[in-house]
Structure formats: structure tokens, C-alpha cells
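An overview of the molecular structure
Residue strings, one per chain:
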Amino acid sequence: MTERIAYLAKQYFSNRATAEEVEELFARLREEKADSEPVRQWLQQELRQGEADPDYDRAHWQTVFESVLDKSRNSTQTPVRLMAIRKIGWAAAAVIVLLGAGAARWLTSQKTPSNTIAARPLATDVKAPATNRASLTLANGKTIYLDSTTNGSLIVQGNVQLQKLGDGRIAYSRTAASSGSPETGNNTLYNPRASRVIDLVLADGSHVWLNAGSSITYPVGFAGKDRTVSISGEAYFEVASDPSRPFFVTRGPVTVQVLGTRFDVNGYDDEKDLKVTLLVGSVRVSHGSGCTALLKPGQQAVTQSDRSQAPKSASISVKSDVDLDQVMAWKNGLFDFDNTDIQSALRQLAKWYDLDVSYQGAIPDIQLGGEMKRDLSLSQVLKGLSKIGLHARVEGKRLLILP
């Protein structure tokens, strides 16, 4: 470990480094093989010695250092997923670190003042959703609130029974006595904002997971020649194979046709594009304007049109370089913000914590990298975001982003 690197590092984790010094530090760490044992030993020694400094932030410095280690092992310049989430164990350090020269300037020039509201616990904190608050509207108009029901049979509709299982799923199944008439009505499952993911098994055996702020409308018994459901928001499907009855998912003018497959549909109203991502099998995505796209596993169809506009304005593009872990992060209990702009990240947070985001002044031009668990409280998230210069406060149900 050179004296110059030691000096630069001490300047950095004491919040006294200039933008040029931070850039030089990252460059030298990469050149010096930052994942070597001597560097790690030196870091641990400095971490122990630095804790007496009131300006020292151990978790922030170690998070940045770990990201540099990851970056030094890869030749690409893409954002790094921070494994420091699991290594440090401090919730706010699990949030976000920016990499590269521009990021270094952000980290240095936008240091959070010690008295900023974002760095303190909120007077009234917003906890991550602990339960599922989904509701089910039946074909006859009756609504069942799932968080107030006990496990077991909820209702029988025709020859189909709906049960709430011990693991939180709700599942349809044919009744033991199949003498009942086929059910032809539609039910709607709504999962509101600030609600945990709901797990649904349809009567045909298909499996659906609904993200917060999403809904699905579906036939109770699938008595027709096809199986058609409609969604809003985001849903992940594992479709039961039945070649005689094709499965369709609709969202406005967009239709996804499948036989047996696994895919994600993201069609929130506040997102510019509707995205269909295929994990397994094959799907055909079509738009009312006539454009279509056939997807292979690992591909994503993006409908580049405002759903409020006429269908003739639509187009579909296909992406093959899709980060499937990022697409499925919501289902796996994570936020994955790799290569995500701050507005997109905040829209995800708004649905999870049931907040409306507004900006005081210009919208920050920040590109994020990293992931965090979805069980953090809002104050922990904001504390982590403050490390990269994003300051905010909560006013009732509003998250105000400050200049």
C-alpha cells in the first residue's frame, strides 16, 4: 500500500477529499489490485483507527471500497451490484454507491450536512410493508379483504373453491363434488401500494405473483376456449401448459399470448413503457396497432407508446441484454437499482411505501447502482440516499425531494 493511497483514503473517509483526489483514489486502487490481501489488511486497520474521528463514516467508506474491489475485477464500466449489503450488515449501507469519475464528484461535492433531515430518523417513520393488504372483488360485486380473513376456504363459486393457505397464498381448485355448474364470472384481485407481494394460484393451475399497486382480472373457472386475464401494474406468471386453450394476458392495447411459460409484465400507469420479459418458453407480444414481436428466453419487449394515445402511435422493440435478476428483484424481496435513474427508483419506492413523490426544484440527474432489501424502513432508505447527495423529507403522504 503506497503512502499516496493511504493519504487519499484518509482524506476520503474523513470527508475532506476533493473531487480530483477521489478520482485519483479509485484509479490507484484499481491499479494496485485492490482485492489483494495487503490492501484488505490495511483497510481493516484504518477502519479501526478512524472510528474516533467524528467526521468518519465507516459503513459508507467500506461500501465504496467493496464496490471498487468488484469494479477492479471487471473490465466493463457498468454499475456494480453491491455485495456489501451482506458483508457490512448495516441497513443504510445496503443502498447505493455511484462509480466512475462523475460519480466521484457527486460523492465528494454533495456530502450530506450533519444536520440534514434525510440523515436523521424521521419523526414518524414509514415501515416497509409487513403484511399483505390485497382485496378480492367477486363476480357478484362482493369484496373480500384478505388480511382480515382466516386460513381455509373463503368462498365457493360454482364448481370452484377459493382457499387462503397457511403460507399466504390464495388458491383456486375444483371442488371435490364436481356437480356444480362451471363458473363463468370474473374476479379481480387488487394488491394496493404498501402491500407485500400476493401469490395467486388460478383454477387452471397457473401461478401469478402481483407486485404492490397492481391488479389482475381473471375468469373464476376458465370455462371458455381460451384463458384470458387482464392486469394493471406488474405481475409475474408461471403458466400451466394447456395447448388446447391458449393463455392471454392483456394490458390496454397490448396482448401477450403464451402456451406454457414464465414471464413478467410491467405495465404501471406511471411508467412510460410497458415491458414484457420472458424467462422460460415463448411468448408473442402484440399491440392493437398491428405490430408484434416474438420473444425468446432472456428477451424483453418494450412497447414504446403512451397508452393514452391512439394505437397507431405504438411500436415494439426487443432487447436481448436484459438483467433478469433486476427484472425479478421485486418478487425476490429486493430493489435492484443497477443502471437506474433516480426518478425510476423513486417511483418504485413510492409504490412500496405508499407515497407521492414531488420535486422542489430541478430533478436530480443521478444514475444509481446497487441493490437493497425491501424490508428497510423509509428513514433507513433516505439515510442511504443522503450519502450520494439526495436529500428528502416526508410531509404526510408526500416524499419531497429537496434541491
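None of the values given here were measured: they were computed from a predicted structure. (Residues numbered from 1 in each chain as written. Predicted model: local features only at pLDDT ≥ 70, side-chain atom pairs only at ≥ 80, totals over all residues. Heavy atoms only, no water.)

Considerations on unusual backbone geometry
One non-glycine residue with positive phi stands out, namely F222, at about 50 degrees. Position of F222 relative to the elements: it lies in the loop between β9 (214-219) and β10 (227-238). Non-glycine residue N339 carries a positive phi angle of around 55 degrees. Take N339: it is sitting in the loop between β19 (334-336) and β20 (340-341). (Helix = DSSP H or I, 4+ residues; strand = E, 2+ residues; numbered from the N terminus.)

Comments concerning helix α8 (residues 342-353)
With twelve residues, α8 extends 16 Å between its outermost C-alpha atoms, agreeing within 8% with the 16 Å of an ideal straight helix rising 1.5 Å per residue. Among the twelve residues that make up α8, nine are buried, leaving the element largely enclosed by the rest of the structure. Restricting attention to buried positions, one finds in α8 the residues I342, S344, A345, L346, L349, A350, K351, W352 and Y353. Put simply, D341 is the residue that caps the front of α8, since its side-chain oxygen is 3.1 Å from the backbone nitrogen of Q343. Phi turns positive, to about 55 degrees, at D354, one or two residues after α8. (Expected span 1.5 Å × (residues − 1). Buried < 20%, exposed > 50% of the residue type's maximum accessible area, 1.4 Å probe, protein only. Polar contact = N/O pair within 3.5 Å; in protein donor to acceptor, adjacent residues only side chain to side chain.)

Overview of the sheet that holds strand β25 (residues 398-401)
Within the open sheet, the three strands sit side by side as β21-β25-β24. Their pairing is mixed. At either end of the open sheet lies a strand with only one pairing partner, and these are β21 (356-359) and β24 (392-395). Shown here is a sheet whose adjacent strand axes are inclined to one another by a mean of 25 degrees, direction ignored. With four bridges joining them, β21 and β25 adopt parallel strand pairing. Across the sheet, the residue bridging to S358 is L400, located in β25. Running over the sheet, α8 touches β21 and β25 and is turned about 145 degrees from β21. (Pairing = 2+ DSSP bridges. Axes fitted to C-alpha atoms, helices over the stretch in contact; angles between N-to-C directions. Contact = heavy atoms within 4.5 Å.)

Notes on the nonpolar core
Ranked by size, the top nonpolar core spans 42 residues in total, and within it L189, I216, F237 and F263 carry the most contacts. At four residues, the largest contribution of residues to this core is made by β10. Beyond its immediate chain neighbours, meaning those up to four positions away, F237 contacts H207, V208, I216, V229, I231, F247, V249, T261, R262, F263 and V265. Formed by 25 residues, the second largest nonpolar core is a distinct cluster that contains A128, L349, L355 and L378. (Core = buried A, V, L, I, M, F, W, Y, C linked by side-chain atoms within 4.5 Å.)

Structural notes on the pattern of salt bridges
Scanning all chains against the criterion turns up twelve salt bridges. The closest approach of N and O atoms between R169 and D167, which form a salt bridge, is 2.9 Å. Looking at R169, the relative accessible area reads 25%, which means it is partly exposed. Among the ionic pairs, D270 bridges to K351, the shortest N-O distance being 3.0 Å. Residue D270 is found in the loop between β13 (262-267) and β14 (274-280), and its partner K351 is found in helix α8; the two are separated by 81 residues along the sequence. Using a relative accessible area of 41% as the deciding quantity, one classes D270 as partly exposed. (Salt bridge = Lys/Arg side-chain N within 4 Å of Asp/Glu carboxyl O.)

Considering the pairing of β24
Inspection of the sheet shows β24 paired to β25 by four bridges, in the antiparallel sense. Residue pairing across strands places A392 opposite I401, the latter belonging to β25. Turn length for the β24-β25 hairpin, with the two strands adjacent in sequence and antiparallel, is two residues, and the turn residue G396 shows positive phi of about 65 degrees.

Things to note about the confidence of the model for the protein chain
Of all residues in the protein chain, 69% attain a pLDDT of 70 or more, and the chain-wide mean is 77. Counting contacts from residues 71-121, a segment whose pLDDT is below 50, to residues more than four positions away or on other chains yields 125 contacts. (pLDDT = per-residue confidence, 0-100.)

A few points about the layout of surface pockets
A volume near 1200 Å³ is recorded for the largest pocket. Residue lining of the largest pocket: 37 residues in total, with K275, Q326, T340, S344 and Q348 positioned closest to the centre. At the level of elements, β13, β14, β17 (300-303), α7 (324-327), β19, β20 and α8 are the ones that each hand at least two residues to the lining of the largest pocket. With five residues, α8 is the largest single contributor of residues to the lining of the largest pocket. Across the lining of the largest pocket, the residue classes break down as eleven nonpolar, eleven polar and 15 charged. (1 Å grid on protein atoms, 1.4 Å probe; cavity = no way out; pocket = protein on both sides within 12 Å on 5 of 7 lines; lining within 4 Å. Points joined across faces, edges and corners; volume = space filled by probe spheres on them. Nonpolar A, V, L, I, M, F, W, Y, C, P; charged D, E, K, R; others polar.)

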